[in-house]
Amino acid sequence: MDDANREPQILVVDDDQDTVAILAHHLRREGFVPIQANSGAQCLKLVHENEVDVILLDLMMPEMDGFEVVKALRDNPETAEIPIIMITARDDLDARAEGMRLGVSDFMAKPVFRRQLASRVRAQLQVVETARNATAAMDRLEALKNRLHH
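Since the model is a prediction, treat every value here as computed from it, not as a measurement.

How should the overall build of the protein chain be read in this particular structure?
Summing up its helical and strand segments, the protein chain has five helices and five strands in all. When the backbone C-alpha atoms are referred to their principal axes, the protein chain occupies close to 60 × 30 × 30 Å. By the burial criterion, 40% of the 150 residues in the protein chain qualify as buried. If you take every contact in the protein chain between residues at least 6 apart in sequence, the share linking residues at least 24 apart comes to 60%. Of the roughly 8800 Å² of accessible surface on the protein chain, 54% is carried by carbon and sulfur atoms. Within the protein chain, one finds 18 positive and 26 negative side-chain charges whose respective centroids are separated by 6 Å.

Below, the structure is given as structure tokens:
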């Protein structure tokens, strides 16, 4: 996989077009490539058409709320590992607890500020990179162990 030089692609999902535009603008200014979606269904479609590195997901959306989107993403092996940052005006403990139970990686309360957004996205990208490196190291150790035992 030679995507080390690719700019991280961030899927922004919110039913409010202005919020999507603002977040996309913040992301572009920080060197990310935003992909925009206005519904949970559109999110689920776009995540399969693009190499998405992190998802910024609104909780309160009509038809399919953020929790339903998280569940659908986590239930699919192809999207289960993508970090999800839930962005919500409803920043209460019950929402956070439910989000964590479903597999949300991080939470941000609206309004979202550019530097805070950038640091949270970078933190999620770092978590993914660290996990990838650990898996690669374990694979190398396993291969070495197999060679030594044969």
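That shown, we press on.
How should I be thinking about the side chain of Asp53 in this particular structure?
When you line up the elements, Asp53 lands in the loop between helix H2 (40-49) and strand E3 (54-58). Overall, the relative accessible area of 18% leaves Asp53 in the buried class. A polar side-chain atom of Asp53 sits 3.0 Å from a polar atom in the side chain of Arg6. From its side chain, Asp53 meets the backbone nitrogen of Gln9 in a polar contact 2.7 Å long. If near-sequence neighbours (up to four positions away) are discounted, Asp53 is found in contact with Arg6, Glu7, Pro8, Gln9, Ile82, Pro83 and Leu125.

How should I be thinking about the sheet that holds strand E5 (residues 106-109) in this particular structure?
The strands that make up a sheet are held in pairs by hydrogen bonds between backbone atoms, and each pair lies either parallel or antiparallel. Pairing within the open sheet is parallel, and its five strands lie in the order E2-E1-E3-E4-E5. Edge positions in the sheet fall to strand E2 (33-37) and E5, since each has one partner strand and no second. Each strand of the sheet is rotated relative to its neighbour by a mean of 20°, with strand direction disregarded. The pairing of strand E4 (residues 84-88) with E5 spans four bridges and is parallel. Looking at E5, one finds that Met86 is bridged to Phe107. Packed on one face of the sheet, H2 meets strand E1 (9-13), E2 and E3 and runs near 135° to E2.

Looking at this structure, I do not really get the packing of H2 against helix H3 (residues 66-75). What am I missing?
Two quantities define a packed helix pair, namely the angle between the helix axes and the distance between the axes. Running from amino to carboxyl end, H2 crosses H3 at an angle of 25°, the nearest separation of the two axes being 9 Å. Considering their axes alone, H2 and H3 lie roughly parallel with respect to each other. H2 and H3 meet at a crossing whose hand is right-handed. Listed contacts from H3 to Gly40, Cys43, Leu44 and Val47 of H2 are Val69, Ala72 and Leu73. In the contact of H2 with H3, the residues fall into six nonpolar, one polar and no charged.

Explain helix H4 (residues 93-102) here, please?
Side chains that are three or four residues apart share a direction in an α-helix, a result of its 3.6 residues per turn. Burial in H4 covers these residues: Ala95, Gly99 and Leu102. Looking down the long axis of H4, one finds its buried residues gathered within 65° of arc, a one-sided arrangement. Opposite the buried face of H4, by more than 90 degrees, sit the exposed residues Leu93, Asp94 and Arg101. Turning to H4, the residues buried within the fold contact H3 and E5. At the C-terminal side of H4, Gly103 shows a positive phi close to 110°.

Whenever I open this one, the environment of Asn50 confuses me. Can you help?
Looking at the secondary structure, you find Asn50 in the loop between H2 and E3. A distance of 2.9 Å separates a polar atom in the side chain of Asn50 from the backbone oxygen of Leu46.

How each quantity is defined
- Residues numbered from 1 in each chain as written.
- Predicted model: local features only at pLDDT ≥ 70, side-chain atom pairs only at ≥ 80, totals over all residues.
- Heavy atoms only, no water.
- Helix = DSSP H or I, 4+ residues; strand = E, 2+ residues; numbered from the N terminus.
- Buried < 20%, exposed > 50% of the residue type's maximum accessible area, 1.4 Å probe, protein only.
- Contact = heavy atoms within 4.5 Å.
- Areas by Shrake-Rupley, 256 points an atom, 1.4 Å probe, with all protein chains shown as cover.
- Lys, Arg positive; Asp, Glu negative; His and termini not counted.
- Charge placed at Lys NZ, Arg CZ, Asp CG, Glu CD.
- Polar contact = N/O pair within 3.5 Å; in protein donor to acceptor, adjacent residues only side chain to side chain.
- Pairing = 2+ DSSP bridges.
- Axes fitted to C-alpha atoms, helices over the stretch in contact; angles between N-to-C directions.
- Parallel < 35°, antiparallel > 145°, perpendicular 65-115°, else oblique.
- Left-handed = near helix turned anticlockwise from the far one by under 90°.
- Nonpolar A, V, L, I, M, F, W, Y, C, P; charged D, E, K, R; others polar.
- Arc of directions from axis to C-beta.

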